[in-house]
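Listed below are the residues making up each chain.
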Amino acid sequence: MDAQHTIRRQISCVGIGLHSGNKVLLSLKPAVAGSGIRFRRTDLGDHEVPATIQHLAGIQLATGLARNDVSVETVEHLMAALVAMGVDNVLIELNSPEVPIMDGSAAPFIYLIHEAGVRKLQAARKYLKIVRPIAISRGDKRIALYPSDHFKVTYSISYDHPLLRHQSRTLRITEESFIEEVAPARTFTFLKDVEMLRQNGLALGGSLDNAIVLGETGVLNNALRFEDEFVRHKILDAVGDLALVGYPVIGHLVAHRAGHALHTEFASKILEETHAWRLVEAPSDGVALPMGLPVKNAAPRLAS
């Protein structure tokens, strides 16, 4: 049996909300089998929001969830880290509406999960295995899932910018590949858009410490972590958004110029296309994610 997992112990950190600019205390707590990933707003009487596509809220440069007028925002980087580390059940407490942006990547969340440890539960994990293709196109944006024996992502992007004419990458997603090749990739924006975002009450917590900023001719930050860090971050976002399906996916995700809106629309479509997948308890060889790999990324600021 491939078992469900939770974390071994509670762990907390503090950070800044990317769009709100507010200081946030985030805590991860162990949860029982079958409870899934859930967010709890401690500043609003402990109301909980399940991390499922059924609770998708507005998409505005990040992925948000809501239930009974209680919302949580910018969940995608933390969601990606949790599913990549094989964590099926966890309670995430926040004292603010937004998950902290940390350094703009998933690496600090990988560190937190590694420090908390991962524990096996006495319940089988179910996978959503794609058996027929599913696809969506919206103009020049498209996304699809094809049958495969493991979870793989092919992503391509193109922008009207000297550094981002075209980038593409294909990666089989395992815990090790995610930690080494995807998690450190940071979110990015264009300098010309920053002022407009702030006038609209967005990116108030953004800085060169938590996002790559592209000027007209280059990157304002000191250096990129990868030559193709931009498309790697898109893969990170896609993994986090697809986690809202509620099951680890076995299939080949192929996306071109997609973003949070298309990712999450596609997650809903997957669940609607019941003829295109089946739930399995035993994945094909190599799908199960190994636990306890060493983490080389920088530590977040832990809460005292």
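Whatever comes next refers back to the structure up there.
Residues numbered from 1 in each chain as written. Predicted model: local features only at pLDDT ≥ 70, side-chain atom pairs only at ≥ 80, totals over all residues. Heavy atoms only, no water.

**Describing unusual backbone geometry**
Then, in step 1: One non-glycine residue with positive phi stands out, namely D46, at about 65°.
Then, in step 2: Of note, D46 is situated in the loop between strand 4 (37-41) and strand 5 (47-50).
Then, in step 3: The backbone of T74 sits at a positive phi, close to 55°, despite the residue not being glycine.
Then, in step 4: Tracing the backbone through its elements, the reader meets T74 in the loop between strand 7 (70-72) and helix 1 (76-84).
Then, in step 5: With a relative accessible area of 6%, T74 lands in the buried category. (Helix = DSSP H or I, 4+ residues; strand = E, 2+ residues; numbered from the N terminus. Buried < 20%, exposed > 50% of the residue type's maximum accessible area, 1.4 Å probe, protein only.)

**Brief notes about the sheet that holds strand 5**
Then, in step 1: Here 5 strands make up an open sheet; going across it, the order is 2-3-8-4-5 and the pairing mixed. Because the sheet does not close on itself, it has two edges, and the strands there are strand 2 (11-16) and strand 5. Taken over all neighbouring pairs, the strand axes of this sheet differ in orientation by 25° on average, direction set aside.
Then, in step 2: As judged from the 5 bridges shared by strand 3 (residues 23-30) and strand 8 (residues 90-94), these two strands associate in the antiparallel manner. If you follow S27 over to strand 8, its bridge partner there is E93. (Pairing = 2+ DSSP bridges. Axes fitted to C-alpha atoms, helices over the stretch in contact; angles between N-to-C directions.)

**Things to note about the sheet that holds strand 19 (residues 277-280)**
Then, in step 1: Spatially, 17-10-19 is the arrangement adopted by the 3 strands of the open sheet, whose pairing is mixed. Sheet topology places strand 17 (249-250) and strand 19 at the edges, where each strand pairs with a single neighbour.
Then, in step 2: Direction of pairing for strand 10 (residues 127-130) relative to strand 17: parallel, over a ladder of 2 bridges. Looking across to strand 17, one finds that K129 is bridged to I250.

**Overview of the nonpolar core**
Then, in step 1: Within the largest apolar cluster, 77 residues are counted, with the highest numbers of intra-cluster contacts made by L26, L28, F39 and F178.
Then, in step 2: When residues no more than four places from it in sequence are discounted, the contact partners of F178 are A80, A81, A84, A106, I110, I173, A183, P184, L236 and V239. (Core = buried A, V, L, I, M, F, W, Y, C linked by side-chain atoms within 4.5 Å. Contact = heavy atoms within 4.5 Å.)

**Section: the pairing of strand 1 (residues 3-7)**
Then, in step 1: Extensive coverage of strand 1 is indicated by the burial of 5 of its 5 residues.
Then, in step 2: Pairing between strand 1 and strand 9 (residues 118-124): 4 bridges, direction antiparallel. From the neighbouring strand, A3 faces strand 9, where its bridge partner is A124.

**Some remarks on the packing of helix 5 (residues 229-242) against helix 6 (residues 260-272)**
Then, in step 1: The interhelical angle for the contact between helix 5 and helix 6, taken along N-to-C directions, is 35°, at an axis separation of 9 Å. For the pair helix 5 and helix 6, the sense of crossing is right-handed. Residues K234, D237, A238, D241 and L242 of helix 5 form the contact with helix 6, whose participating residues are H260, H263, T264, F266, A267 and I270.
Then, in step 2: In terms of residue class, the contact of helix 5 with helix 6 is built from 5 nonpolar, 3 polar and 3 charged. (Left-handed = near helix turned anticlockwise from the far one by under 90°. Nonpolar A, V, L, I, M, F, W, Y, C, P; charged D, E, K, R; others polar.)

**Notes on the side chain of T189**
Then, in step 1: Mapping T189 onto the fold places it in strand 15 (residues 188-190).
Then, in step 2: Apart from residues no more than four positions distant in its own chain, T189 is found in contact with V194, L197, I212, V213 and L214.

**With respect to the side chain of D241**
Then, in step 1: Along the chain, D241 turns up in helix 5.
Then, in step 2: In terms of polar contacts, D241 uses its side chain to reach the side chain of H260, at 2.7 Å.
Then, in step 3: In terms of polar contacts, D241 uses its side chain to reach the side chain of H263, at 2.8 Å.
Then, in step 4: Apart from residues no more than four positions distant in its own chain, D241 is found in contact with T63, E76, H260, H263, T264 and A267. (Polar contact = N/O pair within 3.5 Å; in protein donor to acceptor, adjacent residues only side chain to side chain.)

**So, the pattern of salt bridges**
Any two side chains of opposite charge can pair, on the condition that their charged atoms come close.
Then, in step 1: Under the criterion given, the structure shown has 17 salt bridges.
Then, in step 2: In this structure, E93 and R40 form a salt bridge, with 3.0 Å as the shortest nitrogen-oxygen distance. Of this pair, E93 sits in strand 8 while R40 is found in strand 4, placing the two residues 53 residues apart along the sequence.
Then, in step 3: By relative accessible area, which is 12% here, E93 ends up buried.
Then, in step 4: Salt-bridge contacts for R257 lead to D140; the nearest nitrogen and oxygen are separated by 2.3 Å. Highlighted residues: R257 in the loop between strand 18 (252-256) and helix 6 and D140 in the loop between strand 11 (134-138) and strand 12 (141-146), separated in sequence by 117 residues. (Salt bridge = Lys/Arg side-chain N within 4 Å of Asp/Glu carboxyl O.)

In short, the description is geometric, and any link to function would need to be established separately.
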